[in-house]
Amino acid sequence: MDYFIQQLINGITLGGVYALIALGYTMVYGVIQLINFAHGEFFAAGGYMGVILLNWFIGRGYMSTHPMICIGASVVLTMGYCAFLAMGVEKIAYKPLRSASRLAVLLSALGMSIFLQNAMMLTQGVFDKPYPIELAEGSLTVGGITVSYLQVIIVVFTVVLLVGLNLLVFKTRIGMAMRATAQDKVMSSLVAISSNRIISLTFAVGAGLAAAAGIMVGFYYGSVRYDMGFVPGIKAFAAAVLGGIGNITGAMLGGLIIGMVEVFGAGYISGQYKDVFAFIILIAVLYFKPTGIMGENVDDTRV
Amino acid sequence: MAAEPILELQNVHASYGNIKALKGVSLKVYPGEIVAIIGANGAGKSTTLMTICGIVAVDEGDILYQGRSITKVAAEKLPVMGLCQVPEGRRIFPRLTVHENLELGAFYRRDREGIEKDMQRVYELFPVLKERKRQQGGTLSGGEQQMLAIGRALMSRPKVLLMDEPSLGLAPLIVQKIFDIIHEVNQKEGTTILLVEQNANLALQAAQRGYVLETGRVTMEDEAEKLLHNAEIRKAYLGE
Ligand SMILES: Nc1ncnc2c1ncn2[C@@H]1O[C@H](COP(=O)(O)OP(=O)(O)O)[C@@H](O)[C@H]1O
Ligand SMILES: [Mg+2]
């Protein structure tokens, strides 16, 4: 039983990370019906930018005097950096293809993914880059269950981001414009919404969330690598499809489920196959219910 | 009638790929008027409105609004200038609530009090919308959706309102109500209205002037009254 609860907590931690990445896929799909295959790279870029900024703060000596401010600033700046990066990617690789075939845009996305991955490899090297500090040491033991403080921080921060996103999309004027653009672009321009701006914003928000996930993973595993976006990217994509692509609540739920399945599969079935479970789910969903859990019928939280 | 038209199309051509939909449409709308465009299915009526609104590009010719060319102005800037459309098929945002649909009409506006006042006014004009305020737009009936589409356009405070087949698919009683509102908006607020209809009888009764559109060209223009009594028109569009 303890083992079960232990795995449950690990599953939630990992699932939260997948959920954060999955949101970018689902929101972009919701607004322009594109599977942004370069999205995993924003997660990796976030992981790297985190290291770079943390090292910078350490080099200046600020980290020892104001650790919390330095870490907070690193996270916020990283999210901002990836948001801008994504807006640039959208402008260069997708916007010129707005009226092109979907295949052309998809190829452009794949090309962008390869380009970004190689750019990271060339500038940051092929080896693992260690995270220079630990976010929080120690752990909490209740009964037989151990939760590291780091896990607590990750889960809390994830929840804050998810709640924030929900507020943005469902409670603000700009979120309303985003949903309107997803539903009818012609009509949204007839009510003075600039779809270009909304599309740009959607990329930015999605990449910001992925960047936050990248930093958290960096702290969690202690290092980052240029190709770290690939596998979690595909798993998060599976999560978005599982939840019903285009649906925000679905992406969160899908992320959680994929995280759980991976952790429990690794714990109870086989650790060697941990990466396989997400793909089995993806294939099963595509085969049996391509609209996902929250797709089409349960539709009120589509973008 | 004021000397200067508020909206003028000069020899406008527009196309979808290699399908030429408009082949030189010229028309004028003066401030405070109701002008009707009638014509058969596929004549180019909707394209004319979408071209005015910047959704369909102008290949040739010019569109003047308040004296200046708007052919290069982005579609989303036009509502801010007072040019709004109630499009064919209503195009309600189906997964937004009735209230949110109305709020979006006022998307570009920042005057909270004015928006609130206009919202109350729309709810007075269409009490059914107030009852269904929290309901998703897609769950409304056709008539309610048409009211919502008109309400949403009114929330933009239009100077010129383009309406595309507001009577389409609605019961006669609802059509009557919609046309009463069109009349009221025109009379009380002085909103200029360009009305597209297949129902020529209805449109020409509401309008002061009318244009007849056939396969992308204006083939006739006159006072609505005269068009209504024109033998050719009666034969072609009024089923006589
Ligand atoms: N989105 C489109 N793509 C291609 N052709 C179109 C499109 N919309 C309209 N058309 C064509 O343009 C012409 C004019 O259509 P439209 O403006 O919708 O006419 P109306 O509103 O008078 O019925 C028709 O021949 C129609 O088939
Ligand atoms: Mg039409």
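The shown structure was predicted, so the numbers you read here are calculated from the model rather than taken from an experiment.

### Overview of the overall build of chain B
Here is step 1 of the chain: Assigned secondary structure in chain B consists of 9 helices and 10 strands.
Here is step 2 of the chain: The C-alpha atoms of chain B give a radius of gyration of 17 Å, which matches the 18 Å a tight globule of 240 residues would have.
Here is step 3 of the chain: Its C-alpha atoms put chain B at 45 × 40 × 40 Å along the principal axes.
Here is step 4 of the chain: Within the span of chain B, comprising 240 residues, buried residues form 56% of the whole.
Here is step 5 of the chain: Put simply, 68% of the contacts in chain B that link residues at least 6 apart link residues at least 24 apart.
Here is step 6 of the chain: For chain B, the accessible area works out to roughly 10,700 Å², and carbon and sulfur atoms hold 48% of it.
Here is step 7 of the chain: Charged side chains in chain B number 29 positive and 30 negative. The centres of these two groups are separated by 5 Å.

### Focus on the overall build of chain A
Here is step 1 of the chain: Looking only at helices and strands, chain A has 12 helices and 4 strands in total.
Here is step 2 of the chain: Relative to a compact globule of 303 residues, whose C-alpha radius of gyration would be 19 Å, chain A shows 19 Å and is just as compact.
Here is step 3 of the chain: A principal-axis box enclosing the C-alpha atoms of chain A has dimensions of 55 × 45 × 35 Å.
Here is step 4 of the chain: When each of the 303 residues of chain A is scored for burial, the buried share is 53%.
Here is step 5 of the chain: A distance of 12 Å separates the average location of the 16 positive side-chain charges in chain A from that of its 13 negative side-chain charges.

### Re the site of ligand 1
Residue and element names in this part refer to chain B.
Here is step 1 of the chain: Residues in close proximity to ligand 1 include Y16, I19, A21, A40, N41, G42, A43, G44, K45, S46 and T47, which together make up its full environment.
Here is step 2 of the chain: Between A43 and ligand 1, the recorded distance is 3.2 Å, taken from a backbone N or O atom to an oxygen atom.
Here is step 3 of the chain: Backbone polar atom of G44 to an oxygen atom of ligand 1: 3.0 Å apart, as the coordinates give it.
Here is step 4 of the chain: Contact with the protein chains removes 61% of the 560 Å² of surface that ligand 1 exposes when unbound.
Here is step 5 of the chain: Elements that contribute at least two residues to the shell around ligand 1 include exactly β2 (19-29) and α1 (45-52).
Here is step 6 of the chain: For the shell around ligand 1, the leading source of residues is α1, giving 3 residues.
Here is step 7 of the chain: Class assignment of the residues belonging to the shell around ligand 1 gives a composition of 5 nonpolar, 5 polar and 1 charged.

### Observations concerning the sheet that holds β2 of chain B
Residues and elements named next belong to chain B.
Here is step 1 of the chain: Ordered in space as β2-β1-β4-β5, the 4 strands form an open sheet in which the pairing is antiparallel. Two strands lie at the open edges of the sheet, namely β2 and β5 (68-69), each paired on one side alone.
Here is step 2 of the chain: Looking at chain direction, strand β1 (residues 7-16) and strand β4 (residues 60-65) are connected through 5 bridges and run antiparallel. Across the sheet, Q10 pairs through a bridge with D62, a residue of β4.
Here is step 3 of the chain: Contacting β1, β2 and β4, α1 crosses the sheet at an angle of about 110° to β1.

### Comments concerning the sheet that holds strand β8 (residues 192-197) of chain B
Backbone-to-backbone hydrogen bonds join strands into a sheet, with any given pair of strands oriented parallel or antiparallel.
Residues and elements named next belong to chain B.
Here is step 1 of the chain: A sheet is described by the order of its strands in space; here 6 strands give the open sequence β6-β7-β8-β3-β9-β10, paired in mixed fashion. Where the open sheet ends on each side, the last strands, each with one partner, are β6 (83-86) and β10 (217-223). Ignoring which end each strand starts from, the neighbouring axes of this sheet average 20° apart.
Here is step 2 of the chain: Here 4 bridges tie β6 to strand β7 (residues 160-164), and the two strands are oriented parallel to one another. Within β7, the position partnered with V86 by the bridge is M163.

### Here we look at the packing of helix α2 (residues 98-105) of chain B against helix α5 (residues 142-154) of chain B
All names here are of chain B.
Here is step 1 of the chain: Here α2 crosses α5 at 35°, and the two axes come no closer than 6 Å. The hand of the α2/α5 crossing is right-handed. From α2, V98, N101, L102 and G105 reach across to α5, where they touch L148, G151 and R152.
Here is step 2 of the chain: Of the residues contributing to the contact of α2 with α5, the split by class is 3 nonpolar, 3 polar and 1 charged.

### Points about the nonpolar core
Here is step 1 of the chain: Counting 124 residues, the largest nonpolar core has Y94, L165 and I248 of chain A together with L7, I52, L104 and L194 of chain B as its most contacted members.
Here is step 2 of the chain: Each residue touching L7 of chain B, except ones within four places of it in the same chain, is listed here: L27, K28, V29, I52, I63, L64, Y65, V160, L162 and L194 of chain B.
Here is step 3 of the chain: One finds V128, A149, I150 and L202 of chain B within the second-largest nonpolar core, a separate group that totals 50 residues.

### Some words on the coordination of the magnesium ion (ligand 2)
Here is step 1 of the chain: At the metal site, the magnesium ion (ligand 2) is ligated by S46 of chain B (OG) and E88 of chain B (OE), and these contacts range over 2.0 to 2.5 Å. Linking S46 of chain B in helix α1 with E88 of chain B in the loop between β6 and α2, this pair joins segments that are 42 residues apart in sequence.

### Some thoughts on a nonpolar patch on the surface
Residue and element names in this part refer to chain A.
Here is step 1 of the chain: On the surface, M1, Y3, F4, L8, I12, L256, Y268 and I269 cluster together to form a nonpolar patch covering roughly 790 Å² of accessible area.
Here is step 2 of the chain: Looking at the nonpolar patch, the elements with two or more residues in it are α1 (2-32) and α11 (248-269).
Here is step 3 of the chain: Element by element, the count of residues in the nonpolar patch is highest for α1, at 4 residues.
Here is step 4 of the chain: Among the secondary structure elements, M1 is positioned in the segment before α1.

### Considerations on the packing of aromatic side chains
Residue and element names in this part refer to chain A.
Here is step 1 of the chain: Under the criterion given, the structure shown has 11 aromatic pairs over all chains.
Here is step 2 of the chain: On the numbers, 5.0 Å between centres and 70° between planes, the contact of Y131 with F219 is edge-to-face. Of this pair, Y131 sits in the loop between β1 (129-130) and β2 (139-142) while F219 sits in helix α9 (residues 195-221), and the two are 88 residues apart along the sequence. Comparing Y131 with F219 shows no difference in burial state: the two are buried.

### Quick look at the interface of chain B and chain A
Here is step 1 of the chain: Across the boundary between the two partners, chain B contributes 24 residues, which contact 20 residues of chain A.
Here is step 2 of the chain: Both sides of the chain B and chain A interface together cover about 2,200 Å² of buried area, and 63% of this is carbon and sulfur.
Here is step 3 of the chain: Scanning the region where chain B abuts chain A turns up 2 salt bridges.
Here is step 4 of the chain: The shortest N-O distance in the salt bridge between R179 of chain A and E100 of chain B comes to 2.9 Å.
Here is step 5 of the chain: Taken together, the links from chain B to chain A amount to 4 residue pairs in polar contact (both at pLDDT 80 or more).
Here is step 6 of the chain: It is α2 of chain B that provides the largest number of residues to the side of chain B that touches chain A, a total of 4 residues.
Here is step 7 of the chain: Classifying every residue of the side of chain B that touches chain A by side-chain character gives 13 nonpolar, 3 polar and 8 charged.

Calculation rules
Residues numbered from 1 in each chain as written. Chains lettered and ligands numbered in written order. Predicted model: local features only at pLDDT ≥ 70, side-chain atom pairs only at ≥ 80, totals over all residues. Heavy atoms only, no water. Helix = DSSP H or I, 4+ residues; strand = E, 2+ residues; numbered from the N terminus. Rg over C-alpha atoms; globule rule 2.2 N^0.38 Å. Buried < 20%, exposed > 50% of the residue type's maximum accessible area, 1.4 Å probe, protein only. Contact = heavy atoms within 4.5 Å. Areas by Shrake-Rupley, 256 points an atom, 1.4 Å probe, with all protein chains shown as cover. Lys, Arg positive; Asp, Glu negative; His and termini not counted. Charge placed at Lys NZ, Arg CZ, Asp CG, Glu CD. Near = heavy atom within 4 Å. Polar contact = N/O pair within 3.5 Å; in protein donor to acceptor, adjacent residues only side chain to side chain. Nonpolar A, V, L, I, M, F, W, Y, C, P; charged D, E, K, R; others polar. Pairing = 2+ DSSP bridges. Axes fitted to C-alpha atoms, helices over the stretch in contact; angles between N-to-C directions. Left-handed = near helix turned anticlockwise from the far one by under 90°. Core = buried A, V, L, I, M, F, W, Y, C linked by side-chain atoms within 4.5 Å. Donors = N, O, S within 2.8 Å, 3.2 Å for Na, K, Ca; no water. Patch = residues over 30% accessible without salt bridge, like charges linked within 9 Å, V, L, I, M, F, W, Y side chains within 5 Å. Salt bridge = Lys/Arg side-chain N within 4 Å of Asp/Glu carboxyl O. Phe/Tyr/Trp six-rings, centres within 6.5 Å; stacked < 30°, edge-to-face > 60°. Buried area = accessible area lost by both parts, 1.4 Å probe.

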